[in-house]
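Breakdown of the fold
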Amino acid sequence: MKLLKEEILNNEKYGENLYKMEIFSPYICRNAGAGQFISVKCSREKIFDPMLRRPFSIYDIEKEFNVFSILYLVKGRGTYLLSLLKKGDTVDFIGPLGNPIAFNMNSNDYLLIGGGIGIAPLYLITKVLTSEKKNVLFIAGFKNSNFAGIEKDLLKTKAYYKIFTEDGSYGNSGLATDFIKENINKYNKYQFYCCGPVDMLKALQEIFLGKKISATAIVEQRMACGIGACMGCAIGIKNEDGEIIYKRVCKDGPSFNIMEVIFD
Amino acid sequence: MTESNKPNLSVRLGEINLKNPIVMCSGTFANGLEYSNFYDISELGAITTKSYSLKCKDGNKPPRIWETACGVLNSIGLQNDGIESFINDHLPKIKDMNADIILSLFGESCEEFRELALAVKKIKTNILAVELNLSCPNVEKGGMIFCSMPEVVEKITISVKEILNIPVIVKLSPNTGDTIMIESAKRAKNGGAEAISLINTLVGTAVDIENIKPRLGNVLGGLSGPAIKPIALAKVYTLSNENILPMIGMGGICTWNDAVEFLLMGANAIGIGTANFVEYCVGLKIIKGVSDYLESKDIDDVNKIIGKLSNKQIIK
Ligand SMILES: Cc1cc2nc3c(=O)[nH]c(=O)nc-3n(C[C@H](O)[C@H](O)[C@H](O)COP(=O)(O)OP(=O)(O)OC[C@H]3O[C@@H](n4cnc5c(N)ncnc54)[C@H](O)[C@@H]3O)c2cc1C
Ligand SMILES: Cc1cc2nc3c(=O)[nH]c(=O)nc-3n(C[C@H](O)[C@H](O)[C@H](O)COP(=O)(O)O)c2cc1C
Ligand code: FES
């Protein structure tokens, strides 16, 4: 983990309020793994408003070019300020944060389920696994066609993918979780990686309940320091004895066994 | 100026000597380990540990953080591993970093403070001071109660001083009103305290109108950051005018300019909290900024600006 000020190579619009920012950073490309994130100071230099840094998953790493990227949705002030940055500007961030995913490479089949912007960390996971010649099925669920832009990235990998939209305007019509529910017996030997809104993760918990499925969720929580110092990003995790203990998403996560997470 | 032509930055708060007036606030710097990735934290005046209680504490239900205009609401609920774990697991690591340590303590009863003091008595490592967090607004039965009752402030201070040979700092809340704050500071002095830390967070909350629920799992939280700086500065000024005890002033300090404002208003040292979450090296930057400011004004000693704008008499 290092504090960095690096050059933006591209801040491309991927959809309505959706951007992919490419950042030149040999350090991140050398040191970051799938599932990790960075935390960006979105306010200008010497200005503390908005106050806190914003966490973003690492979307892609292109080692050969020393470039990594984040995919982000404009939600509030911080992401709005990010969207204004241009090629050649610098971005102040710290990373890589959190733990890289420890893949179980004994398995051959992997199912990735992303909802909305939750697809962000799953893309790098897809790349890592397909480069290891693993069989990857990427299921993505969106409200509408706004995320269509990511298909060109998915096409670059050897993953199979299925896109669902709630309004049917793109890909298959319906909910990604309904597809999983209907087909769960087909995939119960797969390793699952899931990221998305709380309602989606809760629905998956229900689907997986009582089944011997190994599933990892990459979760979000409001953060202050991002480095494990403030205990702000706590999330309830059920331990083996059924007790709920608080873990830090930034330092102990952001990936957890989905069945152990308490989503409030 | 000193030999190196740099202004003197060392300050005294009663028996507490600091190599410079820049202190890290409790709960915002953990035990320094995370921050030692970025710089040599032994350069700081001191670091204040997170507040420790006798037994480990789980803390409050998430979410615990909500950002506000120029500030942050938190409801951590004093999550900590307990004093024994501090002594056995954390302290040896902090010792390796050579930082000067202020150990923050928190209890739910006068008796717990006494037992904490007994536990701290066993510590062999040199501790600069203990800070009694008598002001945390987050915990149900916690801090708020203690420092809104000046006689209890005195009682706790006495009971800790009876056991410990280490200087005691009492941390006060801005939530009690000035009369009680001043009275508590006086009682802390009667009880044998060496200094006052001021201010802890202001009680606040926020609402999610879309889902019709509070933003914080605990509903109420503590507000910190630049939003509270004018209030913190006024509290420091008010208490400084009373000339009771030396003070560590804190609340919203993000830059060296902020720090100088607190010193001028009567703080003998300043604490940095929330800014650590954003600018990980802010402590070092502020030390340098204060030093450069003094140099630019041809002032050879930081003590010459302390309380310049209040009726403070430098307490030796
Ligand atoms: C580990 C992690 C990885 C993330 N990865 C991505 C990503 O790849 N792409 C992406 O678009 N978003 C991602 N998010 C969510 C992203 O951090 C928020 O959308 C962003 O912080 C919103 O900032 P804002 O100023 O625009 O919104 P505001 O609503 O104005 O932000 C106010 C405060 O709330 C926090 N906040 C708001 N939404 C979230 C959220 N969903 N999770 C955590 N904190 C939040 C902000 O950080 C800020 O402190 C991730 C969150 C976490 C915790
Ligand atoms: C996340 C967080 C945790 C805190 N925890 C403690 C604590 O454990 N004990 C304590 O005395 N003060 C605690 N505080 C209060 C700070 O030490 C400080 O008094 C206050 O935040 C004002 O300073 P600031 O505006 O620079 O943050 C905490 C503050 C924050 C933001
Ligand atoms: S955000 Fe501070 S501990 Fe995770």
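Residues numbered from 1 in each chain as written. Chains lettered and ligands numbered in written order. Predicted model: local features only at pLDDT ≥ 70, side-chain atom pairs only at ≥ 80, totals over all residues. Heavy atoms only, no water.

Below, the discussion takes up the site of ligand 1. For ligand 1, the set of nearby residues contains 21 residues, the closest of which are A:Pro55, A:Gly78, A:Thr79, A:Glu220 and A:Arg222. Chains contributing residues to the immediate surroundings of ligand 1 are chains A and B. For ligand 1, a nitrogen atom lies 2.8 Å from a polar atom in the backbone of A:Leu71. Between ligand 1 and A:Thr79 there is a distance of 2.4 Å, counted from an oxygen atom to a side-chain nitrogen or oxygen. The leading source of residues in the shell around ligand 1 is strand S4 (residues 54-57) of chain A, at four residues. (Near = heavy atom within 4 Å. Polar contact = N/O pair within 3.5 Å; in protein donor to acceptor, adjacent residues only side chain to side chain. Helix = DSSP H or I, 4+ residues; strand = E, 2+ residues; numbered from the N terminus.)

Here we come to the domain arrangement of chain A. Interfaces are often described in size by the accessible area the parts lose on coming together. All names here are of chain A. Along its sequence, chain A is carved into domain 1 (2-97) and domain 2 (109-218). Summed over both sides, the interface of domain 1 with domain 2 buries roughly 1400 Å², with 61% coming from carbon and sulfur. For the pair domain 1 and domain 2, the number of links is three salt bridges. Close ionic contact of lysine 20 with aspartate 153 constitutes a salt bridge, the shortest N to O distance being 3.7 Å. (Domains from an automatic or database assignment. Buried area = accessible area lost by both parts, 1.4 Å probe. Salt bridge = Lys/Arg side-chain N within 4 Å of Asp/Glu carboxyl O.)

On to the layout of surface pockets. In this approach, a probe sized like a water molecule rolls over the atoms, and the result shows the empty space that is left. Of the volumes computed, that of the second largest pocket is approximately 540 Å³. Contributing elements (two or more residues each) for the lining of the second largest pocket: strand S15 (244-248) of chain A together with helix H1 (83-96) of chain B. The element contributing the most residues to the lining of the second largest pocket is S15(A), with five residues. Grouping the constituent residues of the lining of the second largest pocket by class yields eleven nonpolar, five polar and nine charged. (1 Å grid on protein atoms, 1.4 Å probe; cavity = no way out; pocket = protein on both sides within 12 Å on 5 of 7 lines; lining within 4 Å. Points joined across faces, edges and corners; volume = space filled by probe spheres on them. Nonpolar A, V, L, I, M, F, W, Y, C, P; charged D, E, K, R; others polar.)

Let us look at the site of ligand 2. All names here are of chain B. For ligand 2, the set of nearby residues contains 22 residues, the closest of which are Ser26, Ser51, Lys171, Gly252 and Thr274. Here asparagine 133 contributes a side-chain N or O atom positioned 3.2 Å from an oxygen atom of ligand 2. In the model, an oxygen atom of ligand 2 is placed 2.6 Å from a nitrogen or oxygen of the glycine 252 main chain. Relative to its unbound accessible area of 600 Å², ligand 2 is 96% covered by the protein chains. (Areas by Shrake-Rupley, 256 points an atom, 1.4 Å probe, with all protein chains shown as cover.)

A few words now on the pairing of strand S8 (residues 109-115) of chain A. All names here are of chain A. Burial runs high along S8: six of the seven residues are buried. Sheet topology note: the S8/strand S9 (residues 135-142) ladder contains seven bridges and is parallel. Note on S9: the bridge partner recorded for leucine 112 is phenylalanine 138. Handedness of the S8-helix H3 (residues 120-131)-S9 crossover: right-handed. Bridge count for S8 against strand S12 (residues 191-195) is five bridges, and the pairing is parallel. In the strand pairing of S12, glycine 114 is matched with cysteine 195. (Buried < 20%, exposed > 50% of the residue type's maximum accessible area, 1.4 Å probe, protein only. Pairing = 2+ DSSP bridges. Right-handed = clockwise from strand over helix to strand, strands pointing away.)

What follows deals with the sheet that holds strand S16 (residues 269-272) of chain B. Within a sheet, each strand pairs with its neighbour through backbone hydrogen bonds, oriented either parallel or antiparallel. Residues and elements named next belong to chain B. With respect to topology, eight strands assemble into a closed barrel ordered S3-S4-S7-S8-S9-S10-S15-S16, the strand pairing being parallel. Ignoring strand direction, the axes of neighbouring strands in this sheet form an average angle of 25 degrees. Sheet topology note: the strand S15 (residues 247-250)/S16 ladder contains three bridges and is parallel. Considered in S16, the bridge of isoleucine 248 is made with alanine 269. Across the sheet, helix H4 (residues 150-163) lies against strand S8 (129-133) and strand S9 (168-171), angled at about 155 degrees from S9, the strand it touches most. (Axes fitted to C-alpha atoms, helices over the stretch in contact; angles between N-to-C directions. Contact = heavy atoms within 4.5 Å.)

Contact with chain B, which involves 34 residues of that partner, is made by 29 residues of chain A. When chain B packs against chain A, close to 2800 Å² is buried across both sides, 66% of that on carbon and sulfur atoms. If you sort the residues of chain B by the area they bury against chain A, B:Glu67, B:Val278 and B:Tyr280 come out on top, with a joint share of 23%. On the surface where chain B and chain A come into contact, there are two salt bridges.

Bridge count between strand S6 (residues 71-74) of chain B and strand S14 (residues 221-224) of chain B: three bridges; the pairing is antiparallel. Paired with B:Leu73 across the two strands is B:Leu223, which belongs to S14(B).

Quick look at empty space enclosed by the protein now. Residue and element names in this part refer to chain B. What the rule picks out here adds up to one cavity of 30 Å³ or more. If you add up the space inside the largest cavity, you get close to 560 Å³. What lines the largest cavity is a set of 40 residues, among which Ser26, Gly27, Thr28, Asn74 and Thr201 lie closest to the centre. Classifying every residue of the lining of the largest cavity by side-chain character gives 18 nonpolar, 19 polar and three charged.

The next thing to look at is the packing of helix H7 (residues 256-264) of chain B against helix H8 (residues 282-296) of chain B. Residues and elements named next belong to chain B. Contact geometry for H7 and H8: axes closest at 8 Å, N-to-C directions at 65 degrees. Every pair of crossing elements has a handedness; the one defined by H7 and H8 is right-handed. Packed against H7, whose contacting residues are Trp256, Ala259, Val260, Leu263 and Leu264, the element H8 presents Ile286, Gly289, Val290 and Tyr293 at the interface. The residue makeup of the contact of H7 with H8, split by class, is eight nonpolar, one polar and no charged. (Left-handed = near helix turned anticlockwise from the far one by under 90°.)

Before going further, it helps to examine the sheet that holds strand S6 (residues 67-73) of chain A. Residue and element names in this part refer to chain A. Reading across the sheet, the seven strands line up as S4-S3-S7-S1-S2-S6-S5 and stay open at both edges, with antiparallel pairing between neighbours. On the outer flanks of this sheet lie S4 and strand S5 (60-62), each paired with one strand and no other. When strand polarity is set aside, the average angle formed by the axes of neighbouring strands in this sheet is 35 degrees. Sheet topology places S5 next to S6; three bridges connect them, and they run antiparallel. Note on S6: the bridge partner recorded for aspartate 60 is serine 69. Strands in contact with H3 are S4, S5 and S6; relative to S5, the strand with the most contacts, it is inclined by about 45 degrees.

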